[in-house]
Amino acid sequence: MSSHNPSGAENQQERPGAKEWAVGFVDGEGCFSISVVRNSTCRLGWQVQHEFSVVQAAPSRSALEFLRELFGCGTLIENRRHDNHRDVLLRFSVKRRRDLVDVVVPFFEERPLRTAKRHDFKRFAQVLQSMEAGEHLEEDGLRRIAQETELMNRRQRSRYLESSEAI
């Protein structure tokens, strides 16, 4: 039985329990976020940004590299810290919609998250589906997406919904 994945000690995708480990790790450390931000180059003056991310201190780089290998997409981004910790923060980030729709969403639909984070994931997946249908390009669709963002993660008021354009 051959694999399309490179062989060797570095490749642990096929190790039993690896995908389940990834689900648990993301359940504890991951974030599914949607933001509606002002962008004058977009038709409505607003852009929907989407990201799946996991943040860790630099000594845990191998865990984030494993996620990048497992999903076959995304980037590792280094962020300097501005607090009293010495370690650099690393973020595994997937922003490309095609990767989110074709890889990340199916992965977590097949292997559901177990914490309250599953509710954010469901909203995240719904917004991506709406965007695939082009709903974010119309005011009503953009308003519905902005309303969903208020129910996710930090549950902050959407800047789009506070703006005069949304009224």
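Above: the structure in question.
Here is what the cut-offs are and how they apply
- Residues numbered from 1 in each chain as written.
- Predicted model: local features only at pLDDT ≥ 70, side-chain atom pairs only at ≥ 80, totals over all residues.
- Heavy atoms only, no water.
- Core = buried A, V, L, I, M, F, W, Y, C linked by side-chain atoms within 4.5 Å.
- Buried < 20%, exposed > 50% of the residue type's maximum accessible area, 1.4 Å probe, protein only.
- Helix = DSSP H or I, 4+ residues; strand = E, 2+ residues; numbered from the N terminus.
- Contact = heavy atoms within 4.5 Å.
- Phe/Tyr/Trp six-rings, centres within 6.5 Å; stacked < 30°, edge-to-face > 60°.
- Salt bridge = Lys/Arg side-chain N within 4 Å of Asp/Glu carboxyl O.
- Expected span 1.5 Å × (residues − 1).
- Bend = angle between axes of the 7 residues up to and from the residue.
- Pairing = 2+ DSSP bridges.
- Axes fitted to C-alpha atoms, helices over the stretch in contact; angles between N-to-C directions.

**Description of the nonpolar core**
Grouped together as the largest cluster of nonpolar side chains are 39 residues, with contacts concentrated most on Phe32, Phe52, Leu67, Phe71, Phe92 and Phe108. When residues of this core are traced back to their parent elements, those giving at least two are α1 (18-29), β1 (30-38), β2 (46-57), α2 (61-71), β4 (89-94), α3 (97-110), α4 (117-132) and α5 (139-149). Beyond its immediate sequence surroundings of up to four residues, Phe52 is in contact with Val26, Cys31, Phe32, Phe71, Phe92, Ser93, Val94, Leu100, Val104, Phe108 and Phe124.

**A look at the packing of aromatic side chains**
Across all of its chains, the model carries 14 aromatic pairs by this definition. Geometrically, the ring pair formed by Phe52 and Phe71 is edge-to-face, given 5.6 Å between the ring centres and 75 degrees between the ring planes. With Phe52 in strand β2 and Phe71 in helix α2, this residue pair connects regions lying 19 residues apart in the sequence. For Phe52, a relative accessible area of 0% corresponds to the buried category. When the centroid spacing of 6.2 Å and the interplanar angle of 20 degrees are considered together, the rings of Phe71 and Phe92 count as stacked. Residue Phe71 is found in helix α2, and its partner Phe92 is found in strand β4; the two are separated by 21 residues along the sequence. The same class applies to Phe71 as to Phe92, namely buried.

**Quick look at the pattern of salt bridges**
Evaluation of the coordinates by the stated rule reveals 11 salt bridges. Between Arg96 and Asp99 there is a salt bridge, with its nearest N and O atoms 2.7 Å apart. The class for Asp99 is buried, based on a relative accessible area of 16%. For the salt bridge of Arg144 with Glu135, the shortest nitrogen-to-oxygen distance reads 3.5 Å. Shared partners join several salt bridges into a network, and the residues in it are Arg97, Arg98, Asp102 and Glu132.

**Details of α3**
Helical periodicity: at 3.6 residues per turn, an α-helix aligns residues three or four positions apart in one direction. Taking 1.5 Å per residue as the helical rise, α3 with its 14 residues ought to reach 20 Å, and the 19 Å between its terminal C-alpha atoms agrees with that figure. The largest bend in α3 comes to about 30 degrees, at Val104, with the proline Pro106 one to four residues further on. Every buried residue belonging to α3 is among Asp99, Leu100, Val104, Val105, Phe107 and Phe108, and all of these are buried. On its buried side, α3 packs onto α1, β1, β2, α2, β4 and α4.

**Concerning the sheet that holds β1**
The strand order β1-β2-β4-β3 describes an open sheet built from 4 strands, whose pairing is antiparallel. At either end of the open sheet lies a strand with only one pairing partner, and these are β1 and β3 (75-79). Each strand axis lies, on average, 35 degrees off the axis of its neighbour in the sheet, ignoring direction. Strands in contact with α1 are β1 and β2; relative to β2, the strand with the most contacts, it is inclined by about 110 degrees. Running over the sheet, α2 touches β2, β3 and β4 and is turned about 10 degrees from β4.

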